[in-house]
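Examination of the molecular architecture
One-letter residues, chain by chain:
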Amino acid sequence: MASRSLAVFTAIVFLALTVQSIRFVWGYISGPLDLVRVEGDLSEGERTVVVAAVHEAMSKGDLISARALRQEIANINWVRAVTVRRTWPNSVHVAVNREIPTVRWGLNDYLNGKGDILSMAENYSADLPSVNAAYADSATSIQVFKTFSALVERSGLRITELEESRAVGWTVTFANGLSVEMGKKDLLQRLRRFVHVYEEILQGNENHVVNADARYPNGVAVSYTHLRAHETEADLVCRLLL
């Protein structure tokens, strides 16, 4: 009888060890967490969001796989990549790489370099250009921004705002205060024309320019803040034909 009881006890212990081994092999996380370690180039607000996601996932049940927990964190749309590792007995280690916002998108969102829409945990508005589009989607808009930026970079121009409106089409505003209306077609040709005018005439005189209009087929119209000595009222807006 004693030997039978011992055999049963041994079988139970073996089964328990087997279950725990399976949990370990398949990366299951169970039991309360006393410590969540989050690594990555994150702000305090971003770390708080990740930790909250971990606790939310763990609150759904006593047993969760590392894969499921990783997916829960990956669902945060500014997370680019994440790894999850349980440190026994009561802590979990999370390493996060976040998306890098390239521009502001609308009022509260951001775009990465691929045009994915991000809802960041922190406000990056002061440091990033603004992009708004009436018709174009986010992927098209970021491509327009990157193409325009590359074209004007050699002239020392930096885009701070890119806006598409129903009436005008695309308008570009630069860090030096200049803005140019581009319209809805032949955008690269028009921007190249403006860059030529900027390099030849406008550079160094930005304070005297209100805005430029590159929607003309053969030139760029420039609005000045004042009249020059030889100009009349009709010359206040002049067309610079190339």
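Bear in mind the structure is a predicted one, so any value in this text is a computation, not a measurement.

1. Some words on the packing of helix H2 (residues 44–58) against helix H3 (residues 66–74)
Following both chains from N to C, one finds H2 and H3 inclined at 135°, their axes separated by 9 Å at the closest point. Relative to H3, the element H2 lies oblique. The chirality of how H2 crosses H3 is right-handed. Across the interface between the two elements, Val50, Ala53, Val54, Glu56 and Ala57 from H2 touch Leu69, Glu72 and Ile73 from H3. When the residues that make up the contact of H2 with H3 are grouped by side-chain class, the tally is six nonpolar, no polar and two charged.

2. Comments concerning the pairing of strand S10 (residues 159–165)
Note: strand S9 (residues 130–133) against S10, four bridges, orientation parallel. In the strand pairing of S10, Val131 is matched with Leu162. Following the chain from S9 across helix H4 (residues 138–152) to the adjacent parallel S10, one finds a crossover that is left-handed. One ladder, built from six bridges, connects S10 with strand S11 (residues 169–174); its direction is antiparallel. Along S11, the bridge assignment pairs Ile159 with Phe174. Between S10 and S11, which follow one another and run antiparallel, lie three residues.

3. Overview of the nonpolar core
Of all hydrophobic cores here, the largest spans 33 residues; its most connected members are Phe148, Phe174, Met182 and Phe194. Looking at this core, the elements with two or more residues in it are strand S6 (103–105), H4, S10, S11, strand S12 (179–183), helix H5 (187–202), strand S13 (209–213) and strand S14 (219–224). When sequence neighbours within four positions are dropped, the list of residues in contact with Phe174 reads Val152, Leu157, Arg158, Ile159, Thr160, Val180 and Phe194. Membership of the second largest hydrophobic core comes to 24 residues, among which are Val36, Val50, Ala57 and Leu118.

4. Some details on the pairing of S11
Bridge analysis of S11 against S12 gives four bridges, and the strand direction is antiparallel. Paired with Val172 across the two strands is Val180, which belongs to S12. Hairpin geometry of S11 and S12 is characterised by an intervening segment of four residues between the two adjacent antiparallel strands and by a positive phi of about 100° at Gly177.

5. Observations regarding H4
Across its 15 residues, H4 extends 21 Å between first and last C-alpha, which sits within 8% of the 21 Å expected from 1.5 Å per residue. Of all the positions in H4, only Ser138, Ser141, Ile142, Val144, Phe145, Phe148, Leu151 and Val152 are classed as buried.

6. Digging into the side chain of Asp213
Along the polypeptide, Asp213 turns up in strand S13. Taking the relative accessible area as the measure of exposure, Asp213 reaches 11% and is therefore buried. A polar side-chain atom of Asp213 sits 2.8 Å from a polar atom in the side chain of Arg215. The residues contacting Asp213, other than those within four sequence positions of it, are Glu181, Gly219, Val220 and Ala221.

7. A word on the sheet that holds strand S2 (residues 35–39)
Strands sit in the order S2-S5-S4 across an open sheet of three strands; the sheet is mixed. Pairing within the sheet leaves two strands with one partner each, and these edge strands are S2 and strand S4 (79–87). Each strand of the sheet is rotated relative to its neighbour by a mean of 20°, with strand direction disregarded. Across the sheet, H2 lies against S2 and strand S5 (91–98), angled at about 135° from S2, the strand it touches most. Set on the sheet, H3 makes contact with S4 and S5; between it and S4 the angle comes to about 145°.

8. A short note on the packing of aromatic side chains
In the structure shown here, the tally under the stated rule is two aromatic pairs. Judged by centre distance (5.8 Å) and plane angle (0°), the rings of Phe174 and Phe194 are stacked. With Phe174 in strand S11 and Phe194 in helix H5, this pair connects stretches of sequence that are 20 residues apart. Residue Phe174 is classed as buried on the basis of its relative accessible area of 2%. Note on Phe194: relative accessible area 0%, which makes it buried. Lying across the ring of Tyr135, Arg166 places its NZ or CZ 5.5 Å from the centre.

Cut-off values and rules
Residues numbered from 1 in each chain as written. Predicted model: local features only at pLDDT ≥ 70, side-chain atom pairs only at ≥ 80, totals over all residues. Heavy atoms only, no water. Axes fitted to C-alpha atoms, helices over the stretch in contact; angles between N-to-C directions. Helix = DSSP H or I, 4+ residues; strand = E, 2+ residues; numbered from the N terminus. Parallel < 35°, antiparallel > 145°, perpendicular 65-115°, else oblique. Left-handed = near helix turned anticlockwise from the far one by under 90°. Contact = heavy atoms within 4.5 Å. Nonpolar A, V, L, I, M, F, W, Y, C, P; charged D, E, K, R; others polar. Pairing = 2+ DSSP bridges. Right-handed = clockwise from strand over helix to strand, strands pointing away. Core = buried A, V, L, I, M, F, W, Y, C linked by side-chain atoms within 4.5 Å. Buried < 20%, exposed > 50% of the residue type's maximum accessible area, 1.4 Å probe, protein only. Expected span 1.5 Å × (residues − 1). Polar contact = N/O pair within 3.5 Å; in protein donor to acceptor, adjacent residues only side chain to side chain. Phe/Tyr/Trp six-rings, centres within 6.5 Å; stacked < 30°, edge-to-face > 60°. Lys NZ or Arg CZ within 6 Å of the ring centre and 35° of its normal.

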